[in-house]
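# Architecture and fold: a report
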Amino acid sequence: MENKGYLYVVGTGLNTLNHITQEAKRHIAQSEHVFHLVPDPLGLSLLKSLNSNLHYLGDCYALTTDRIAAYQLMVKRVMTQLTTAHKVCVVFYGHPGIFVSPSHALIQQAKEQGYVAQMLPGISAEDCLFSDLGIDPASAGCQSYEASYFLLNQVTCNVQAPLILWQLGVLGDFAGERLTCDPKALELLQQKLGKVYPPQHPVTLYEAATLSLYEPRIETLPLAKLTEFNFSQRSTLFIPACSDVVRDESIYLELKKHQLKELNNV
Amino acid sequence: MSDNLKRFLVDVTENPDLKDQYKKDKTGLMDQYNLTKEEQTMVANQDLDGINKALNDEYDLAPNSIIRVNKKQL
Ligand SMILES: C[S@@+](CC[C@H](N)C(=O)[O-])C[C@H]1O[C@@H](n2cnc3c(N)ncnc32)[C@H](O)[C@@H]1O
């Protein structure tokens, strides 16, 4: 049986001209329709040079009352196009599946309806953070949370691993309506973090450069001054670990004994 | 749509030496690309929203476009 059609969801990275993958470019160029929501202007120019059949999804915000409805409209638009086209590509910035709700909804719906649907990886804000701040999650692990989710839920925060909080620019958002950081929510976040980190513990506001001309924005303050940060829609917060891990001696000794025994048996 | 601004930003992306040149002499490099005074101020102030607007007259790009919402809501 012939496939009904193909849906590819791809990412541009944060600095599109430098980050977009060859694979993503090929899918953009070879699709009949390309839907996009890419905030960087050079990225948009690149899309235009690859495919003339572009559809901007950003107007869905203006056509709806809140972001949840906007995302539903985006999904509906793409799914409608898929019924008549052989190959459709949807482009988001960063990694298309990281902190992007409609991308996952699209893949799921397309698969349920019998289309071939694939999400391709892209360079995310977290990837840029690892590079710019020199963090290797292999050293102590890493936790990554949406900031409002972290604030509003009883999350067990592991102070032995770094903590990354996303979407500070809409902190305190319940209903998908806020487009700014609620100062009260920021105060509460500071208090919540203050229960597990000391007041002098450094916290870093991080914004990757989206144009090569600029350097990343990296500002560090003690936790006690968290509310002094001026967060933008691009801000991510990085909090390093504040205590070292302690080796699990019983497991260590058991494994060591086992391996010595194996060695003696050879 | 500002072609000079776009050419300037693309060239700096593709040629890292130009970025060093910009750091040493911002105005000199931007003058070479015939950027207007307004464009030069925007670039020097790292006014990303302004640059977005100058490069795209078709539609307003959503500043950070999409925001993650709870999966259950979608
Ligand atoms: C809706 S999410 C999109 C993430 C994107 N899909 C990715 O892969 O990075 C938006 C959040 O990503 C982070 N973000 C976006 N742009 C960023 C940048 N230039 N630097 C650092 N973090 C960024 C911020 O936490 C922001 O609130």
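The coordinates are above.
We now turn to the structure provided with this report.

Further remarks concern the overall build of chain B. Looking only at helices and strands, chain B has five helices and zero strands in total. The secondary structure elements of chain B, listed N-terminal to C-terminal, are α-α-α-α-α. The buried share among the 74 residues of chain B stands at 42%. Residue pairs at least 24 apart in sequence account for 45% of intrachain contacts in chain B once pairs closer than 6 positions are excluded. Accessible surface computed for chain B: about 4,300 Å², of which carbon and sulfur atoms make up 44%.

Turning next to the overall build of chain A. What chain A contains, in helices and strands, is eleven helices and ten strands. Seen through its principal axes, chain A has C-alpha atoms that stretch 60 × 60 × 35 Å. For chain A, contacts bridging at least 24 residues in sequence account for 62% of all contacts bridging at least 6. Accessible surface computed for chain A: about 12,900 Å², of which carbon and sulfur atoms make up 53%.

What follows is about unusual backbone geometry. If you check the backbone angles, A:Gln167 has positive phi at about 65 degrees while not being a glycine. Its location among the elements puts A:Gln167 in the loop between strand E7 (163-166) and helix H10 (183-194). Although it is not a glycine, B:Gln46 adopts a positive phi angle of roughly 55 degrees. If you trace the backbone, B:Gln46 turns up in the loop between helix H4 (37-44) and helix H5 (48-55). A relative accessible area of 44% places B:Gln46 in the partly exposed class.

Quick look at the sheet that holds strand E1 (residues 6-11) of chain A now. All names here are of chain A. If you walk across this open sheet you meet the five strands as E3-E2-E4-E1-E5, and the pairing is parallel. The sheet is open, and its two edges are formed by strand E3 (54-56) and strand E5 (116-119), each paired on a single side. Here the strands of the sheet are splayed against their neighbours by 20 degrees on average, with no regard to which way each runs. Bridge count for E1 against strand E4 (residues 87-92) is six bridges, and the pairing is parallel. Note on E4: the bridge partner recorded for Tyr6 is Lys87. Against the sheet, helix H6 (residues 101-112) makes contact with E1, E4 and E5, and its axis sits at roughly 155 degrees relative to E5, the strand it touches most.

Further remarks concern the pairing of strand E6 (residues 143-146) of chain A. For E6(A) and E7(A), the ladder comprises four bridges, and the chain directions are parallel. From the neighbouring strand, A:Tyr145 faces E7(A), where its bridge partner is A:Leu165.

We now examine H5(B). Buried within H5(B) we find B:Leu48, B:Gly50, B:Ile51, B:Asn52 and B:Leu55. On its buried face, H5(B) is in contact with helix H3 (41-50) of chain A together with helix H1 (3-14) and H4 of chain B.

Let us look at the interface of chain A and chain B. The interface is formed by 38 residues belonging to chain A together with 32 residues belonging to chain B. Together chain A and chain B conceal approximately 3,500 Å² of surface at their shared face, both sides included; 63% is due to carbon and sulfur atoms. Our count for the chain A to chain B interface comes out at six residue pairs in polar contact (both at pLDDT 80 or more).

What counts, and at which threshold
- Residues numbered from 1 in each chain as written.
- Chains lettered and ligands numbered in written order.
- Predicted model: local features only at pLDDT ≥ 70, side-chain atom pairs only at ≥ 80, totals over all residues.
- Heavy atoms only, no water.
- Helix = DSSP H or I, 4+ residues; strand = E, 2+ residues; numbered from the N terminus.
- Buried < 20%, exposed > 50% of the residue type's maximum accessible area, 1.4 Å probe, protein only.
- Contact = heavy atoms within 4.5 Å.
- Areas by Shrake-Rupley, 256 points an atom, 1.4 Å probe, with all protein chains shown as cover.
- Pairing = 2+ DSSP bridges.
- Axes fitted to C-alpha atoms, helices over the stretch in contact; angles between N-to-C directions.
- Buried area = accessible area lost by both parts, 1.4 Å probe.
- Polar contact = N/O pair within 3.5 Å; in protein donor to acceptor, adjacent residues only side chain to side chain.

This is a description of form; function is not addressed.
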